[in-house]
Amino acid sequence: MTSISTTGGGRVDPNAERRLGNPSDTKWSEIDKTRLYLIGTGLYSFLTVALHPLTVIKIRKQVGVTTPELPTSIISSSESLIKSNIHQYYRGLGVVISLAIPTRIIYISVLESSRERIESNAREIILNPPASIAKYNNQLQSLLPFITPFSGGVAGGLAAVSSQMIVVPMDVISQKQMVMNDSTYKHRGSALHVVKSVVANDGWSGIYRGFGLSLFTSLPAGSIWWATYAGCKDQMNAVQNTAFDSIPALGQQGIIQVSSAFSAALAASILTQPLDTIKTRLQVKGGASKVSSKSAMVVSVFKELTASSGLSGMYQGLLPRVTHMGVWGSILSAAFEYLKVVSRKDYNA
């Protein structure tokens, strides 16, 4: 069993266990941010283009739009993708690409800086508790395995919330483009036309329709995703040498990344899908004309969905969302771990 190192003054180094447990871990303070963002922007844009059709399918299912151009089932959508106009599946992509870049910079910066700080402070408290709680040292030591998922969950929630000022307008504009029929999109489908239409009908606040619900959705979704991902990855790394000893190291990491990402996607999607469905309906269709308060609008959408489809209506678009989050998360998280290494300030040293 590996012992935890101490500092020169005899105090336990709160980061020693983390470094020993994961030698390839790179601190946020050790990263060249410019290099990370330049390489990451290219990778993120590529993934956005590749996975955008899944977003279009999910949005149309949640809103209840069923057209010959974009069928609602994944299988028929895949077959139709070859036969129909591929541009149907890329509506709203320009808005997403242009606004997602600054969003991602904010998200990653908040995620990594806060996760590092939270984890470091938590380990410091547990390994070197203040006198007032020192008598609970044994109980505190038992919390060590939960630090990684805890710090990941809190940081993920903070990152998701901090990026909503850009995410919500991006969603409102792009989603309206996604659900337009051919005729409407041809004449009034540009981002500028959509913005003018929203402002004319709802004022500038219409650009931020569903902002409160988006915050309420992104906080648990981000927290659940990163807590589950970090926890699964931590546990699988712990048994890596015994459970996967016959698999090459690269294959082991691949299994861990994909398994952790899809576990996180499944947990986050199932637990937050009802909120995401209501948010999407509000942003695309708006609330009932006779409903004034925001809470009443949410209730109105909930009643509409459950009346037509039962509680299953709250889970419309679940499969595309799980697939999108799983594929996106597994590829992006693996790439991001690699990017953090090659973006180290001393990488070429």
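Provided above is the structure to which this section pertains.
As the structure is a prediction and not an experimental result, all values here were calculated from the model.

Conventions adopted
Residues numbered from 1 in each chain as written. Predicted model: local features only at pLDDT ≥ 70, side-chain atom pairs only at ≥ 80, totals over all residues. Heavy atoms only, no water. Core = buried A, V, L, I, M, F, W, Y, C linked by side-chain atoms within 4.5 Å. Buried < 20%, exposed > 50% of the residue type's maximum accessible area, 1.4 Å probe, protein only. Helix = DSSP H or I, 4+ residues; strand = E, 2+ residues; numbered from the N terminus. Contact = heavy atoms within 4.5 Å. Patch = residues over 30% accessible without salt bridge, like charges linked within 9 Å, V, L, I, M, F, W, Y side chains within 5 Å. Areas by Shrake-Rupley, 256 points an atom, 1.4 Å probe, with all protein chains shown as cover. Salt bridge = Lys/Arg side-chain N within 4 Å of Asp/Glu carboxyl O. Phe/Tyr/Trp six-rings, centres within 6.5 Å; stacked < 30°, edge-to-face > 60°. Lys NZ or Arg CZ within 6 Å of the ring centre and 35° of its normal.

Points about the nonpolar core
Logical step 1: Counting residues in hydrophobic clusters, the biggest one holds 17 residues, and the most contacted among them are A100, M170, I173, V194 and W328.
Logical step 2: For this core, the elements supplying multiple residues, two or more each, are α2 (33-63), α4 (93-127), α7 (164-178), α9 (191-202) and α14 (318-342).
Logical step 3: Among the elements that make up this core, the one with the highest residue count is α2 (four residues).
Logical step 4: Discounting residues that sit within four places of it in the chain, V194 has contacts with I173, K176, Q177, M180, R188 and G189.

Looking at a nonpolar patch on the surface
Logical step 1: Together, L266, I270, L271 and Y315 give the surface a local cluster of nonpolar side chains, amounting to about 360 Å² of exposed area.
Logical step 2: Along the chain, the position of L266 falls in helix α12 (residues 249-285).
Logical step 3: Overall, the relative accessible area of 43% leaves L266 in the partly exposed class.

So, the packing of aromatic side chains
Logical step 1: All told, the structure shown has four aromatic pairs when counted by the stated rule.
Logical step 2: Ring geometry for Y208 and F211: centres 5.8 Å apart, planes at 75 degrees, overall edge-to-face.
Logical step 3: Judged by its relative accessible area of 23%, F211 falls in the partly exposed class.
Logical step 4: Their ring planes at 90 degrees and their centres at 5.7 Å tell us that W226 and Y229 sit as a pair that is edge-to-face. Here the residue W226 and the residue Y229 both occupy positions in helix α10 (residues 211-238), the gap between them amounting to three residues, near one helical turn. Each of the two residues, W226 as well as Y229, counts as buried.
Logical step 5: Three or more aromatic residues joined by ring pairs make a cluster, and in this case those are W225, W226 and Y229.
Logical step 6: The ring of Y185 has R91 sitting right over it, with the charged end atom 4.3 Å from the ring centre.

The analysis is restricted to geometry; functional conclusions fall outside its scope.
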